[in-house]
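So the chains spell out like this:
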Amino acid sequence: MSLTIAELGLSNFKCFAGKHVLKLEPKAYGIFARYSDDAGRSNWAGKTALTEAIDLALTGRRPRDARVKSDWITNGEEKGEVDLTFSSGARVVRSMSRKGSERLFYFPPGDPEHGATQDVAQKLIDELLGLTKEDAGTWCFRQGEMSALLKMDPGPRMEMFSAWFGLEKLEECQALAASARASI
């Protein structure tokens, strides 16, 4: 069974003031936006904010334009929250107030009352995803990062992909096979 996000809840996250809930089907999505009063305009409509909200909930990485931890909270609001529910029933909630510290909760499938918090919650999220915050570059590209990756020199780019996918042992085997073939 593949793990997907079934529901994304936002409360005062960047341009999404108030509460918003997106119910998602288990399929790939493309995010686009346009203003009703200007169909040609799509900048600053929240496309990147949606992916940043998911990244924040899962890894704690704040959005690139957030100078301090609480900068992702909608201007004028005291607290914000990102709430993810997975297809497995597991749930992740990351919240923050301007005056307090960040809070992280992980609720296992079928047990919404007995979740883990903070570091233990992050460990369980990492286990659920099979990725750590450091691995997040393999699944969440911030604005401009994909362009930079595509423009990168091929050698360093291949080294990056090799590290992401743990290909070191395969590359060692390939080198040994090439050496053995050369000696024959």
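Before any of the text, the structure's been laid out above.
Student: Quick question: what am I supposed to make of the overall build of the protein chain here?
Tutor: Summing up its helical and strand segments, the protein chain has five helices and six strands in all. In sequence order, the secondary structure elements of the protein chain are arranged as β-β-α-β-β-β-β-α-α-α-α. Relative to the 2.2 N^0.38 estimate, which gives 16 Å for 184 residues, the radius of gyration of the protein chain is 20 Å and therefore markedly larger than a compact globule would have. The dimensions of the protein chain, computed from C-alpha atoms along their principal axes, are 70 × 45 × 35 Å. Residues counted as buried form 29% of the 184 residues belonging to the protein chain.

Student: Which parts of the structure should I look at to understand the packing of aromatic side chains?
Tutor: By the definition in use, this model includes two aromatic pairs. Centre to centre, the rings of Phe-13 and Trp-72 are 5.4 Å apart; their planes meet at 35°, and the pair counts as tilted. Here Trp-72 lies in the loop between helix H1 (47–59) and strand E3 (79–86) and Phe-13 lies in strand E1 (residues 5–13), a separation of 59 residues in the sequence. The same class applies to Phe-13 and to Trp-72, which are both buried. Taking the ring centre of Tyr-35 as reference, the NZ or CZ of Arg-41 above it sits at 4.0 Å.

Student: Any chance you could explain the pattern of salt bridges here in plain terms?
Tutor: When the charged atoms of two side chains with opposite charge come close together, those side chains can pair. With the rule as written, the count across this model stands at ten salt bridges. When the shortest N-O distance is used, the salt bridge between Glu-102 and Lys-69 registers 3.8 Å. Placement of the pair is Glu-102 in the loop between strand E4 (91–97) and strand E5 (103–107) and Lys-69 in the loop between H1 and E3, with a sequence separation of 33 residues. In this structure, Glu-127 and Lys-123 form a salt bridge, with 3.0 Å as the shortest nitrogen-oxygen distance. Residue Glu-127 and its partner Lys-123 are located together in helix H2 (residues 118–129), separated by four residues, close to a single helical turn. Overall, Glu-127 belongs to the partly exposed group, its relative accessible area being 49%. When its relative accessible area of 53% is taken as the criterion, Lys-123 is described as exposed. Taken together, the shared-partner salt bridges in this structure form one network comprising Lys-14, Glu-52 and Asp-65.

Student: Explanation requested: the pairing of E5 in the structure shown.
Tutor: Both faces of the sheet carry side chains from a regular strand, because those side chains alternate between them. Across five bridges, the pairing between E4 and E5 is antiparallel. Paired with Val-93 across the strands is Phe-105, a residue of E5. Between E4 and E5, which follow one another and run antiparallel, lie five residues. Here two bridges tie E5 to strand E6 (residues 116–117), and the two strands are oriented antiparallel to one another. The residue bridging Phe-105 from the neighbouring strand is Thr-117, located in E6.

Student: I keep staring at the sheet that holds E5 and nothing clicks. Help me out?
Tutor: By definition, the strands of a sheet pair up through backbone hydrogen bonds, in either a parallel or an antiparallel sense. The strand order across the open sheet built from six strands is E2-E1-E3-E4-E5-E6, with neighbouring strands paired in antiparallel fashion. Both outer strands of the open sheet, strand E2 (16–23) and E6, are each paired with one neighbouring strand and no more. Taken together, the six bridges between E1 and E3 define a ladder with antiparallel strand orientation. Note on E3: the bridge partner recorded for Ile-5 is Phe-86. Across the sheet, H1 lies against E1, E2, E3, E4 and E5, angled at about 100° from E1, the strand it touches most. Lying on the sheet, H2 is in contact with E3, E4, E5 and E6; it crosses E5 at an angle near 50°.

Student: Help me understand the packing of H1 against H2 in this model?
Tutor: Packed helix pairs are characterised by how far apart their axes lie and by the angle those axes make with each other. Their axes nearest at 9 Å, the elements H1 and H2 cross at an angle of 115°. Together, Ala-57, Leu-58 and Thr-59 of H1 and Gln-122, Ile-125 and Leu-129 of H2 make up the contact between the two elements. Considered class by class, the residues forming the contact of H1 with H2 number four nonpolar, two polar and no charged.

Reading the values: rules and limits
Residues numbered from 1 in each chain as written. Predicted model: local features only at pLDDT ≥ 70, side-chain atom pairs only at ≥ 80, totals over all residues. Heavy atoms only, no water. Helix = DSSP H or I, 4+ residues; strand = E, 2+ residues; numbered from the N terminus. Rg over C-alpha atoms; globule rule 2.2 N^0.38 Å. Buried < 20%, exposed > 50% of the residue type's maximum accessible area, 1.4 Å probe, protein only. Phe/Tyr/Trp six-rings, centres within 6.5 Å; stacked < 30°, edge-to-face > 60°. Lys NZ or Arg CZ within 6 Å of the ring centre and 35° of its normal. Salt bridge = Lys/Arg side-chain N within 4 Å of Asp/Glu carboxyl O. Pairing = 2+ DSSP bridges. Contact = heavy atoms within 4.5 Å. Axes fitted to C-alpha atoms, helices over the stretch in contact; angles between N-to-C directions. Nonpolar A, V, L, I, M, F, W, Y, C, P; charged D, E, K, R; others polar.

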